[in-house]
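# Understanding the architecture of this molecule
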Amino acid sequence: MQARIKNPVMLIPGALQAFLALDKSTEAADLPYATRKLVHLRASQINSCSVCVDMHARELKKAGEKDERIFALAAWRETPYFTDAERAALALAEAGTRLADRPDAVPDDVWEEAARRYDEKALAALVIQIAVINAFNRLNATTRQPVGAWG
């Protein structure tokens, strides 16, 4: 596969730094690293972003996540490998990624379960992480960025 153009965040001065700064801004919230990366991987699977699927699976593996959790993520509802908090984050990530799939883009029950599992600051960080990964997915998928392009 060949990219249609160089990655847009590399062509527009300051764009990549802005994305990375937004991502980094959430680190102070009480949102576990593994949860952030599981959310990144799940949204990337939904959006068919090969760059991000590859990258975030590797990050999870490097962080010590078990293969079972990485391999079963697409079927997280049917597996015992995820905590209730992670399940709430994944449900919110799926809803926030598939906004046009239902009349109520993010149903109240999905939001309320996430709000039960995370304090307001962590929930805000989670929403930002969902937005950031979806933006990266759209940049990469639209321009057909190849796996491995990010090193």
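Refer to the structure printed above.
Notes on the structure in this doc start here. (Residues numbered from 1 in each chain as written. Predicted model: local features only at pLDDT ≥ 70, side-chain atom pairs only at ≥ 80, totals over all residues. Heavy atoms only, no water.)

### Here's the deal with the side chain of H56
With respect to the secondary-structure elements, H56 resides in helix α4 (residues 50–62). Dropping the residues within four chain positions of it, H56 is found in contact with K37, H40, L41, S44 and I133. (Helix = DSSP H or I, 4+ residues; strand = E, 2+ residues; numbered from the N terminus. Contact = heavy atoms within 4.5 Å.)

### Overview of the packing of aromatic side chains
Tallying each qualifying case throughout the model produces one aromatic pair. Measuring from ring centre to ring centre gives 4.8 Å for F19 and F136, while their planes differ by 40 degrees; the resulting arrangement is tilted. Taken as a pair, F19 in helix α2 (residues 15–24) and F136 in helix α8 (residues 120–142) lie far apart in primary sequence, 117 residues in all. On the basis of relative accessibility, which here comes to 13%, the residue F136 falls in the buried class. (Phe/Tyr/Trp six-rings, centres within 6.5 Å; stacked < 30°, edge-to-face > 60°. Buried < 20%, exposed > 50% of the residue type's maximum accessible area, 1.4 Å probe, protein only.)

### Some remarks on the pattern of salt bridges
Evaluation of the coordinates by the stated rule reveals twelve salt bridges. The partner of K61 in a salt bridge is D67, with the nearest N and O atoms 2.6 Å apart. With relative accessibility at 46%, the residue K61 sits in the partly exposed group. For D67, a relative accessible area of 29% gives the class partly exposed. Residues E94 and R77 are paired through a salt bridge, measuring 2.8 Å at the closest nitrogen-oxygen approach. You can see E94 sitting in helix α6 (residues 84–97) and its partner R77 sitting in the loop between α5 (67–71) and α6, a full 17 residues away along the chain. In this structure E94 comes out as buried when scored by relative accessible area, which is 5%. One continuous salt-bridge network, built from bridges that share partners, spans D84, E113, R116 and R117. (Salt bridge = Lys/Arg side-chain N within 4 Å of Asp/Glu carboxyl O.)

### Topic: unusual backbone geometry
With phi around 55 degrees, S48 is a residue other than glycine that occupies positive phi space. Residue classification places S48 among the exposed positions, given a relative accessible area of 60%. Even without being glycine, R144 reaches a positive phi, approximately 50 degrees. For R144, a relative accessible area of 40% puts it in the partly exposed group.

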